[in-house]
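# Per-entry structural report
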Amino acid sequence: MKISFITDEVTQSLEEAIAFARKHRMQGVELRSVEGLTLEQADRETLKGWKKQLDAAHLCVSNLATSFFKCDLTRENVENEIEKLELLCDAADILECHTLRGFSFFASPEHACSMEKLESCFSEPLEILARRQKILLLEADPSVNITNHTGLRDLLDRLACPQLGAVYDP
């Protein structure tokens with residue numbers, strides 16, 4: 001097991017995040033945003049620069065803390081999120097990370113979601129993840145449709161796919 005933290009929960013500065021990780025004897029970092037850029041906004045050269053700095057500090061990227069599917073469940077958002085997933089997989093390739101954190105769409109009365117509807121939204125992303133050899137780790141969160149680990153287990157069982165797992169965020 002590698003101990004890491006979500007960098008932007010401490011700082012937007014990668015240098016400060018590296019210093020924090022080293023001070024606390026961590027083995028890695030979980031990137032979400034750095035220097036005001038989300039992972040899908042960062043260009044290849046920026047990502048390569050971050051990777052170089054992390055390698056020099058002997059730190060791995062344990063996971064990408066993305067906002068994948070942390071949006072309202074609409075057709076347009078699903079299409080945009082699928083495009084974003086490709087960019088996130090590109091970032092993961094550069095950062096030599098094979099897991100990405102994701103969610104199950106915001107829960108709201110306007111965008112009520114059955115388990116069947118939610119399940120159907122994952123078919124194309126799971127194909128992309130399989131092709132890109134990545135794993136999406138879903139987080140149960142009070143703001144999204146899967147709010148607890150019982151619901152998360154149900155969704156994982158329904159989808160039964162090696163490209164899908166769970167992340168526990170205390």
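Preceding this section is the structure that the text describes.
Conventions used here
Residues numbered from 1 in each chain as written. Predicted model: local features only at pLDDT ≥ 70, side-chain atom pairs only at ≥ 80, totals over all residues. Heavy atoms only, no water. Helix = DSSP H or I, 4+ residues; strand = E, 2+ residues; numbered from the N terminus. Rg over C-alpha atoms; globule rule 2.2 N^0.38 Å. Buried < 20%, exposed > 50% of the residue type's maximum accessible area, 1.4 Å probe, protein only. Contact = heavy atoms within 4.5 Å. Areas by Shrake-Rupley, 256 points an atom, 1.4 Å probe, with all protein chains shown as cover. Lys, Arg positive; Asp, Glu negative; His and termini not counted. Charge placed at Lys NZ, Arg CZ, Asp CG, Glu CD. Salt bridge = Lys/Arg side-chain N within 4 Å of Asp/Glu carboxyl O. Axes fitted to C-alpha atoms, helices over the stretch in contact; angles between N-to-C directions. Parallel < 35°, antiparallel > 145°, perpendicular 65-115°, else oblique. Left-handed = near helix turned anticlockwise from the far one by under 90°. Pairing = 2+ DSSP bridges. Phe/Tyr/Trp six-rings, centres within 6.5 Å; stacked < 30°, edge-to-face > 60°. Lys NZ or Arg CZ within 6 Å of the ring centre and 35° of its normal.

Attention now moves to the overall build of the protein chain. Of the regular secondary structure elements, the protein chain holds 6 helices and 7 strands. When its helices and strands are written in sequence order, the protein chain yields α-β-β-β-α-β-α-β-α-α-β-α-β. At 16 Å, the protein chain has a C-alpha radius of gyration in line with the 15 Å of a compact globule built from 170 residues. C-alpha atoms of the protein chain, sized along the principal axes, occupy 45 × 30 × 30 Å. A burial count over the protein chain gives 47% of its 170 residues as buried. A fraction of 75% describes how many contacts in the protein chain between residues 6 or more apart in sequence connect residues 24 or more apart. Summing over all exposed atoms, the protein chain offers an accessible surface of approximately 8,900 Å²; the carbon and sulfur share of this is 49%. In the protein chain, the 19 positive side-chain charges and the 29 negative ones have mean positions that sit 7 Å from each other.

For the structure on display, the rule yields 18 salt bridges. Each of Glu-86, Asp-90, Asp-93, Arg-131, Arg-132 and Lys-134 takes part in salt bridges that share partners, so that together they form one network.

One can describe the packing of helix α3 (residues 75–95) onto helix α5 (residues 123–132) by two numbers: an axis separation of 10 Å at closest approach and a directional angle of 20°. The orientation of α3 with respect to α5, classified from their angle, is roughly parallel. The hand of the α3/α5 crossing is right-handed. Every residue of α5 that contacts α3 at Ile-82, Leu-85, Glu-86, Cys-89, Asp-90 and Asp-93 is listed here: Glu-124, Pro-125, Ile-128, Leu-129, Arg-131 and Arg-132.

Our next topic: the sheet that holds strand β4 (residues 60–68). Read across the sheet, 5 strands follow the order β1-β4-β5-β6-β7 without closing on themselves; strand pairing throughout is parallel. Two strands close off the open sheet at either side, each with one partner strand: β1 (28–31) and β7 (164–167). On average, adjacent strands in this sheet sit at an angle of 30° to one another, irrespective of strand direction. One ladder, built from 4 bridges, connects strand β6 (residues 135–139) with β7; its direction is parallel. Residue pairing for β7: Leu-138 is matched across the bridge by Ala-166. Sitting on the sheet, helix α6 (residues 149–159) is in contact with β6 and β7, with an inclination near 170° to β7.

We now examine the packing of aromatic side chains. This structure, assessed with the given rule, holds 4 aromatic pairs. One aromatic cluster is present, formed by Phe-68, Phe-69, Phe-105 and Phe-122 through successive ring pairs. A cation sits over an aromatic face here: Lys-70 above Phe-103, 4.5 Å from the ring centre.

The quantities given are spatial measurements derived from coordinates; they are silent on function.
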